[in-house]
Structure formats: structure tokens, C-alpha cells
Amino acid sequence: MDKLIIAIDGYAGTGKSSQAIRLAKKLNYTYIDTGAMYRAVTLYGLNQEPRGTIDLNLLNHSLNHINIHFEEVKKENQTFLNNKNVTKAIREPRVLKYVSKVAAEKAVRSFLTKKQQFLGKDKGVVIDGRDIGTVVFPLASCKFFLTADAEVRAKRRYLEQQKIGIKETFEDVLINITKRDNQDKSRTISPLKKAKDAIEIDVSALNIDEVFHILYDQVLDKLEPRI
Ligand code: DC
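Residues numbered from 1 in each chain as written. Predicted model: local features only at pLDDT ≥ 70, side-chain atom pairs only at ≥ 80, totals over all residues. Heavy atoms only, no water.

Bringing the site of the ligand into the picture now. In the vicinity of the ligand lie 16 residues, with Arg39, Arg109, Arg130, Asp131 and Arg180 positioned nearest. Here an oxygen atom of the ligand and a side-chain polar atom of Arg130 are 2.9 Å apart. Between the ligand and Asp184 there is a distance of 3.1 Å, counted from an oxygen atom to a side-chain nitrogen or oxygen. Notes on the ligand: free accessible area 450 Å², of which the protein chains cover 97%. For the shell around the ligand, the elements supplying multiple residues, two or more each, are helix H2 (34-48), helix H4 (93-103) and helix H8 (170-186). Here the shell around the ligand gets 4 residues from one element, more than from any other, and that element is H2. (Near = heavy atom within 4 Å. Polar contact = N/O pair within 3.5 Å; in protein donor to acceptor, adjacent residues only side chain to side chain. Areas by Shrake-Rupley, 256 points an atom, 1.4 Å probe, with all protein chains shown as cover. Helix = DSSP H or I, 4+ residues; strand = E, 2+ residues; numbered from the N terminus.)

What follows is the structure in C-alpha cells.
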């Protein structure tokens, strides 16, 4: 049976990655977390600068020194930056503060887009992000776009962050999520946008299982079209 490229785009905190991981496990596909790649490049930029800021020009000229890969450790997908496990570090607020700026850089986007296209070249992938259905894999046969109210998304992020020991108030999470949405939507290169042929799902009032079943049913339809 032909394997698919399943693209899941949408707003921060809509549960894209949880759904993508679950779909990938169910289908025995590879999961590609493109948000983690943008975060890892941002962390590299922060590590270049002793004052906790980012020199975008310097970062743009250092991209060929950046190697990002994923590994499954204890059944969890982990992100490595130049062979160092950065899974937790890329979730820190200092990375979040800069990631949208870094993600708006043309050189960074073209560097990561090429890597993502390479990782997905053999299909059989579930890949989540903001521009997967529009730019990275515009020909993907299965595209989703997840949305939800900002408050619902901020609550999810707040609980996720608490679980891994990141301390940020709910109000700050909400402010940051809204700010990041605006930056991601308004950037000139590859803005966050629904692909014309993507299925849009508002997950505000749905639980994780309900969303999963909607996605999985659509995938099954693509794999075995019903007559
Ligand atoms: O999904 P996330 O929160 O881990 O993404 C982190 C940031 O990276 C987010 O602000 C938008 C950016 N991003 C992007 O611009 N394009 C992608 N394909 C994935 C993420």
C-alpha cells in the first residue's frame, strides 16, 4: 500500500504534536516535529551570544554548522542539536521569546525546509508545523489545519509546561501564545496559513480522543478510499 505524507498545521497549543505522535505510532510512520527544529536553531543562536540575545546575522551565517536529528529514547521522540539532547532546553521560555523572530528569517526557513523535505522524501511520515501543507509538502495527500480559542490553547500549554517543570503564569502563557500567533501569521515568508486543500478542525470543544478519531478516519479514507 502506498504510504502517505500527513501534514498537520495549525496554531500553537492545538495539540498538533500529540496527535501527530499518536497517528505516527498507529500507522507505524515516522514523526517529524518541525517546531522542534525551529526551536533548536533558536537555541543555537542563543548559545552563540553570551548576553541571552540572538545575532540574526551571525546565526544566518552559521546555519551549516547546525545539525538536528531526532531519536527515540525510552519510547519518546527526543531532539538533538549537534548530538546534544536538547528536548527540554528547547521548551524554555527564553527559546519561545525568540523563536518567531528566528522562524521569520528567510535563510533559516530555506535551510529547515530542505531538511524537512529530505526527512519526508520516502513518505510514511506525519509532520507537524505551520507551513507543511503550503510550502514544505504542498502535494501531501492528507492535510489538516487545527484551530482553537486562544484561552483553550493557553491552558493546554500552561499544563504541559507545568508537567515538565517550566514555571510561567497562565497570563504570561496566554500573552505569549497570542503574540506568537500574530508573528507567525503576519510574517512575509511562509506565514501560518491553511492550505486550500487542508481539512480544518476546531478542537476547542473536543477532547484528545475525539480529535484523533476525526484525523484517523480521514487518513483511512485516503489509504482505502470508500466507494
Ligand atoms: O510548534 P511549536 O510551538 O514547537 O513551534 C515553535 C515555533 O516555530 C512557532 O512559533 C512557529 C515556528 N514554526 C514555523 O514557523 N514553521 C514550522 N513549520 C514549525 C514551527
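Here the focus is the nonpolar core. Counting 36 residues, the largest nonpolar core has Val41, Ile66, Ile68 and Leu112 as the members making the most contacts within it. Breaking this core down by element, the ones donating at least two residues are strand E1 (5-10), H2, strand E3 (68-73), H4, helix H5 (106-119), strand E6 (125-129) and helix H6 (132-136). In terms of residue count, H2 provides more of this core than any other element does, 8 residues in total. Residues within four places of Leu112 in sequence aside, it is in contact with Met37, Tyr38, Val41 and Ile68. Counting 22 residues, the second-largest nonpolar core is a separate cluster that includes Leu4, Leu27, Cys142 and Phe144. (Core = buried A, V, L, I, M, F, W, Y, C linked by side-chain atoms within 4.5 Å. Buried < 20%, exposed > 50% of the residue type's maximum accessible area, 1.4 Å probe, protein only. Contact = heavy atoms within 4.5 Å.)

Nothing here speaks to function; it is all geometry.
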